[in-house]
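Listed below, chain by chain, are the residues.
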Amino acid sequence: MCGRFALTEPSARLKEFLDVVEVEEFPPRYNIAPTQPILIVVAGERQQPGSNLPERKAMLVRWGFTPSWVKDPREFPLLINARAETAIGKASFRAAMRHRRILVPATGFYEWRRPPKGAKEKSQAYWIRPRKGSLVAFAGLMETWSSADGSEVDTGAILTTAANRAIGRIHDRMPVVIKQEDFARWLDCKTQEPREVADLFAPVEDDFFETVPVSDRVNKVVNTDPDIQSRVEEAAPLPLPKAKPADDDDGQLSLL
């Protein structure tokens, strides 16, 4: 899953990476947690022929997806992640998969390796960041929830997929990574049906991310300083990645 992430790049870099018209200035965020506002990117209106202005736009939503049909969010579970392989078949996510796909920019995410039951060792937190470049875009879904009094809240979730061999040493799930060359296809809900973008749900390459063991200070949302990403000594070394099967299909996933 993905329960914490960071976004620390300046707005100018985000505009370039995401190809959006405008991104408001905001301070670096080293420990973004559920229910907090997160930056997302959606497909905007098509520009006039000959225009070189970007068609995408950035906006803020609450991290924690609320389907439009929910009457009282207080009585509904907080959906921060959605399984990419099954989202199209779930009532909570079906409409958003067809009509409201988004990008969630990040500079990396955090994950915890939990020891087996009965083991004496503590859980180990990891800061997981791209090896090349400083930004990554996760696949996400958006929904606008409306209350009885007419007020609206934009909400979002991050899509996850089976972990690749490198991340699988820590956790069995990871965020779906959308490469820059696939941004347009993922965001295009008008001509691209969910089944036509299902190939993007495959786990990213094994060497895409590097993992940095960090202290348990990241566990507390009040800790938002850059030191939470500082390397520490691991409680126990990570196991070696599992050998790649001879008939491996590069982790391609299907909704069929």
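About the cut-offs
- Residues numbered from 1 in each chain as written.
- Predicted model: local features only at pLDDT ≥ 70, side-chain atom pairs only at ≥ 80, totals over all residues.
- Heavy atoms only, no water.
- Pairing = 2+ DSSP bridges.
- Helix = DSSP H or I, 4+ residues; strand = E, 2+ residues; numbered from the N terminus.
- Salt bridge = Lys/Arg side-chain N within 4 Å of Asp/Glu carboxyl O.
- Buried < 20%, exposed > 50% of the residue type's maximum accessible area, 1.4 Å probe, protein only.
- Arc of directions from axis to C-beta.
- Contact = heavy atoms within 4.5 Å.
- Axes fitted to C-alpha atoms, helices over the stretch in contact; angles between N-to-C directions.
- pLDDT = per-residue confidence, 0-100.
- Phe/Tyr/Trp six-rings, centres within 6.5 Å; stacked < 30°, edge-to-face > 60°.
- Lys NZ or Arg CZ within 6 Å of the ring centre and 35° of its normal.

### What about the pairing of strand E4 (residues 56-63)?
Reasoning step 1: Both strand E3 (residues 37-43) and E4 contribute to a ladder of seven bridges, which runs antiparallel. From the neighbouring strand, Ala43 faces E4, where its bridge partner is Arg56.
Reasoning step 2: Here two bridges tie E4 to strand E10 (residues 152-162), and the two strands are oriented parallel to one another. Of the residues in E10, the one forming a bridge with Arg62 is Thr155.

### Considerations on the pattern of salt bridges
Reasoning step 1: Under the criterion given, the structure shown has 13 salt bridges.
Reasoning step 2: In this structure, Asp72 engages Arg74 in a salt bridge whose closest nitrogen and oxygen atoms are separated by 3.1 Å.
Reasoning step 3: Residue classification places Arg74 among the exposed residues on the basis of a relative accessible area of 77%.
Reasoning step 4: Among the salt bridges present, the one from Arg165 reaches Asp206, with a minimum N-O distance of 2.8 Å. Within this pair, whereas Arg165 is found in the loop between E10 and strand E11 (173-175), its partner Asp206 is found in the loop between helix H3 (183-187) and strand E12 (209-214), the two being separated by 41 residues in sequence.
Reasoning step 5: Within the structure, one salt-bridge network assembled from shared partners comprises Glu9, Arg13 and Glu16.

### Remarks on the pairing of E12
Along any regular strand, the residues point their side chains to alternate faces of the sheet.
Reasoning step 1: The buried fraction of E12 amounts to five of the six residues, a majority that puts the element mostly inside the structure.
Reasoning step 2: With six bridges connecting them, strand E8 (residues 124-130) and E12 associate as antiparallel partners. Residue pairing in the sheet places Pro130 in a bridge with Phe209 of E12.

### Re helix H1 (residues 11-18)
Reasoning step 1: Residues Ser11, Leu14, Phe17 and Leu18 constitute the buried set of H1. When H1 is viewed along its axis, its buried side chains cluster within an angular range of 125° and face the same direction. Opposite the buried face of H1, at more than 90 degrees from it, the exposed residues are Ala12 and Glu16.
Reasoning step 2: Where H1 is buried, its residues meet strand E1 (4-7), E3, E4, strand E6 (101-106), strand E9 (136-146) and H3.
Reasoning step 3: Just beyond H1, the residue with positive phi is Asp19, at close to 60°.

### Quick look at the sheet that holds E1
In a beta sheet, neighbouring strands pair by backbone hydrogen bonds and run either parallel or antiparallel.
Reasoning step 1: Here we have five strands laid out as an open sheet, ordered E2-E1-E7-E8-E12, and antiparallel in their pairing. The sheet is open, and its two borders are formed by strand E2 (29-32) and E12, each paired with just one other strand. Recorded for the sheet is a direction-independent mean angle of 25° between the axes of neighbouring strands.
Reasoning step 2: Bridge analysis of strand E7 (residues 108-113) against E8 gives five bridges, and the strand direction is antiparallel. Each residue of the ladder has a partner; that of Glu111, found in E8, is Tyr126.

### Thoughts on the confidence of the model for the protein chain
Reasoning step 1: When pLDDT is averaged along the protein chain, the result is 90, and 91% of the positions lie at 70 or above.
Reasoning step 2: The model gives residues 247-256 a pLDDT under 50, and that stretch makes 17 contacts with residues more than four places away or in other chains.

### Description of the packing of aromatic side chains
Working definition: an aromatic ring pair is given by the centre-to-centre distance plus the angle between the planes.
Reasoning step 1: On inspection of all chains with the given rule, the structure shows nine aromatic pairs.
Reasoning step 2: With centroids separated by 5.1 Å and ring planes inclined at 70°, the aromatic side chains of Phe5 and Trp63 adopt a geometry described as edge-to-face. Here Phe5 is found in strand E1, whereas its partner Trp63 is found in strand E4, with 58 residues between them in sequence.
Reasoning step 3: Judged by relative accessible area, Phe5 falls into the buried class, the value being 1%.
Reasoning step 4: A relative accessible area of 0% means that Trp63 is categorised as buried.
Reasoning step 5: Both rings, one in Phe109 and one in Phe138, keep their centres 5.9 Å apart while their planes meet at 80°; by these two values the pair is edge-to-face. Placement of the pair is Phe109 in strand E7 and Phe138 in strand E9, with a sequence separation of 29 residues. Each member of the pair, Phe109 as well as Phe138, carries the same accessibility label: buried.
Reasoning step 6: Three or more aromatic residues joined by ring pairs form one cluster here, namely Phe109, Phe138, Phe208 and Phe209.
Reasoning step 7: The cationic tip of Arg101 hangs over the ring face of Trp186; the distance from NZ or CZ to the ring centre is 5.2 Å.

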